[in-house]
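So you can see what is in the structure, the chains are spelled out below.
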Amino acid sequence: SAEILPSDPCVLLDTSCTTIAETVREGLTASPKTLPPWLFYDRDGSDLFDRITQLPEYYLTRIERSIFAADAPEMMALAACGEKLRVVEIGAGSADKTRLLLAAAADMQGRVSYHPVDVSESALEEAKERLQREMPEIHCHPQVADYTRDLRLTPCFDGERRVVLFIGSSIGNFLPEEASSLLRGLRLALDRGDSILLGVDLAPTADGKSIANLTAAYDDGAGVTAQFNKNMLVRLNRELDADFDLDSFAHRIRWNEDESRIEMHLESLIDQRIRIDALDMNVEFAAGETIHTENSYKYRIGEVEKMLQSAGFGHPQRWRDEDGWFAVYLAQA
Ligand code: AVI
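Keep in mind that what you see is a predicted model, and the values were worked out from it rather than measured.

Glancing now at the overall build of the protein chain. Looking only at helices and strands, the protein chain features 9 helices and 14 strands. By the compact-globule yardstick of 20 Å for 333 residues, the protein chain fits well, its C-alpha radius of gyration being 20 Å. If you line up the protein chain on its principal axes, its C-alpha atoms span 65 × 45 × 45 Å. Relative to its 333 residues, the protein chain shows a buried fraction of 52%. When contacts within the protein chain are restricted to residue pairs at least 6 apart in sequence, those whose partners lie at least 24 apart make up 73%. Accessible area for the protein chain stands at about 14,900 Å²; split by element, carbon and sulfur atoms hold 48% of it. Side-chain charges of the protein chain comprise 35 positive and 57 negative groups, with the mean position of each set lying 3 Å from the other.

Turning to a negative patch on the surface, a few remarks are in order. A cluster of like negative charges, contributed by Asp44, Asp47, Asp50, Glu121, Glu125, Glu126 and Glu129, occupies part of the molecular surface. If you trace the backbone, Asp50 turns up in helix H2 (residues 43-52). Classification of Asp50 as partly exposed rests on a relative accessible area of 31%.

Turning next to the UniProt feature "domain: Histidine-specific methyltransferase SAM-dependent" (unreviewed entry) in the protein chain. UniProt marks residues 21-332 with the feature "domain: Histidine-specific methyltransferase SAM-dependent" (unreviewed entry), using the numbering shown here. Taken end to end, residues 21-332 is 36% helix and 26% strand, and its first and last C-alpha atoms sit 39 Å apart.

Turning our eyes to something else, we now look at the site of the ligand. For the ligand, the set of nearby residues contains 13 residues, the closest of which are Tyr58, Asn173, Tyr218, Glu294 and Ser296. Note that an oxygen atom of the ligand is positioned 2.5 Å from one of the side-chain N or O atoms of Tyr58. Contact between the ligand and Glu294: a nitrogen atom at 2.7 Å from a side-chain N or O atom of the residue. In the complex, 96% of the free accessible area of the ligand, which totals 340 Å², lies under the protein chains. Looking at the shell around the ligand, the elements with two or more residues in it are H2, helix H8 (224-240) and strand S12 (290-297).

Moving on: the packing of aromatic side chains. On inspection of all chains with the given rule, the structure shows 13 aromatic pairs. Seen from their ring centres, Phe40 and Tyr41 are 6.1 Å apart, and the 90 degrees between their planes marks the pair as edge-to-face. Overall, Phe40 belongs to the buried group, its relative accessible area being 0%. Its relative accessible area of 32% is what places Tyr41 among the partly exposed residues. With 5.2 Å between their ring centres and 85 degrees between their planes, Phe249 and Phe285 make a pair best called edge-to-face. Here Phe249, found in strand S8 (residues 249-256), pairs with Phe285, found in strand S11 (residues 281-285); they are 36 residues apart in sequence, far enough to count as distant. Here Phe249 matches Phe285 in class, with each residue buried. Through a chain of ring-to-ring contacts, three or more aromatic side chains come together here, namely Phe40, Tyr41, Phe49, Tyr58, Tyr218 and Phe228. Here the guanidinium or amino end of Lys33 rests over the ring plane of Phe285, the centre of that ring lying 4.9 Å away. Across from the ring centre of Phe157, 5.7 Å away, lies the NZ or CZ of Arg86, which sits over that ring.

With that settled, consider the sheet that holds strand S1 (residues 33-34). Reading across from one edge, S1-S12-S9-S8 is the order of the 4 strands in this open sheet, with mixed pairing throughout. Each of the sheet's edge strands pairs with one partner strand only, and the pair in question is S1 and S8. Here strand S9 (residues 261-268) pairs with S12 via 7 bridges, running antiparallel. Along S12, the bridge assignment pairs Met264 with Glu294.

The subject of this paragraph is empty space enclosed by the protein. Under the criterion given, the structure shown has 1 cavity of 30 Å³ or more. In this structure, the largest cavity occupies an estimated 50 Å³ of space. Along the walls of the largest cavity sit Arg86, Val88, His115, Gln143, Arg152, Leu153, Thr154 and Arg162, which together make up its complete lining. Each residue belonging to the lining of the largest cavity can be placed in one class, and the counts come to 2 nonpolar, 3 polar and 3 charged.

Cut-offs used in this document
Residues numbered from 1 in each chain as written. Predicted model: local features only at pLDDT ≥ 70, side-chain atom pairs only at ≥ 80, totals over all residues. Heavy atoms only, no water. Helix = DSSP H or I, 4+ residues; strand = E, 2+ residues; numbered from the N terminus. Rg over C-alpha atoms; globule rule 2.2 N^0.38 Å. Buried < 20%, exposed > 50% of the residue type's maximum accessible area, 1.4 Å probe, protein only. Contact = heavy atoms within 4.5 Å. Areas by Shrake-Rupley, 256 points an atom, 1.4 Å probe, with all protein chains shown as cover. Lys, Arg positive; Asp, Glu negative; His and termini not counted. Charge placed at Lys NZ, Arg CZ, Asp CG, Glu CD. Patch = residues over 30% accessible without salt bridge, like charges linked within 9 Å, V, L, I, M, F, W, Y side chains within 5 Å. Salt bridge = Lys/Arg side-chain N within 4 Å of Asp/Glu carboxyl O. UniProt positions renumbered as here; feature names shortened; annotations may be inferred. Near = heavy atom within 4 Å. Polar contact = N/O pair within 3.5 Å; in protein donor to acceptor, adjacent residues only side chain to side chain. Phe/Tyr/Trp six-rings, centres within 6.5 Å; stacked < 30°, edge-to-face > 60°. Lys NZ or Arg CZ within 6 Å of the ring centre and 35° of its normal. Pairing = 2+ DSSP bridges. 1 Å grid on protein atoms, 1.4 Å probe; cavity = no way out; pocket = protein on both sides within 12 Å on 5 of 7 lines; lining within 4 Å. Points joined across faces, edges and corners; volume = space filled by probe spheres on them. Nonpolar A, V, L, I, M, F, W, Y, C, P; charged D, E, K, R; others polar.

Spelled out as structure tokens, the structure:
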């Protein structure tokens with residue numbers, strides 16, 4: 001049975017810091033120092049993330065795509081349940097990973113109404129143009145919004161039901177309590193019979209996926225993830241007139257077994273003082289001190305089912321790759 005649901009479905013997570021300036025001041029005066037992962041995704045950061053998804057070490061995108069390649073028609077048919085499916089995607093970005101699902105929905109019903117939601121207007125515009133060119137049966141209605149703060153879904157027509165895509169392991173970048181709160185908020189924004197399709201990266205196991213597989217995915221040989229991580233400092237230099245010297249910080253990955261998460265940090269290699277002009281602020285770093293920039297949680301089978309059900313969804317269906325590295329869940333509201 002459902003837990004208590006938040007009373008306002010539109011405010012999903014903490015809304016305290018809204019600007020880069022406030023966020024950076026708070027994060028760099030905290031102990032330990034921290035900056036939130038949404039700061040990665042300016043235009044350069046979004047391009048770097050697209051390159052990450054093509055790296056040999058970054059198995060997440062490849063494996064999730066292989067699950068969709070095998071099972072998208074079944075997923076879309078189950079979600080539609082004989083009605084017209086409307087596809088909503090939260091955190092859509094370039095929407096590349098979505099094409100197999102959209103193609104399956106189009107094979108099933110012809111015209112598909114697709115509603116990608118993202119903070120990046122440029123990514124949404126690119127996605128819309130590409131879809132219009134390459135998949136004319138998909139009618140794209142982008143919505144620029146931060147789904148963690150404000151998730152308003154446009155009403156469905158009679159005979160239509162939604163499937164909300166929350167794929168690519170995006171849920172892994174939230175603390176477990178935030179993830180639960182997001183799912184509860186989403187459940188409240190949905191109508192009964194709508195569903196969520198959730199892509200989740202799984203924890204290492206004794207006999208299959210190793211911790212080395214995980215750390216390699218976040219510390220690739222070509223150094224693209226290091227560049228992605230350091231892009232946060234590039235952004236602070238540009239947008240807040242800071243003077244971070246990129247060579248005096250190193251990209252660091254930690255597997256936190258207790259929390260079942262990969263952590264990304266930027267480690268100061270020397271004692272140093274950074275000036276951030278726009279904040280009229282100096283920040284001291286000791287050699288070895290880090291800024292914690294991202295968590296990427298890896299869930300165990302069973303935990304996701306519980307989280308979905310306590311958010312008010314029904315018992316989910318689950319698909320996995322053969323080796324059990326990644327899972328996709330479909331649960332009905
Ligand atoms: C977007 N998100 C699911 C990625 C992840 O795997 O946690 C972000 C990322 N960080 C480093 N590499 C990729």
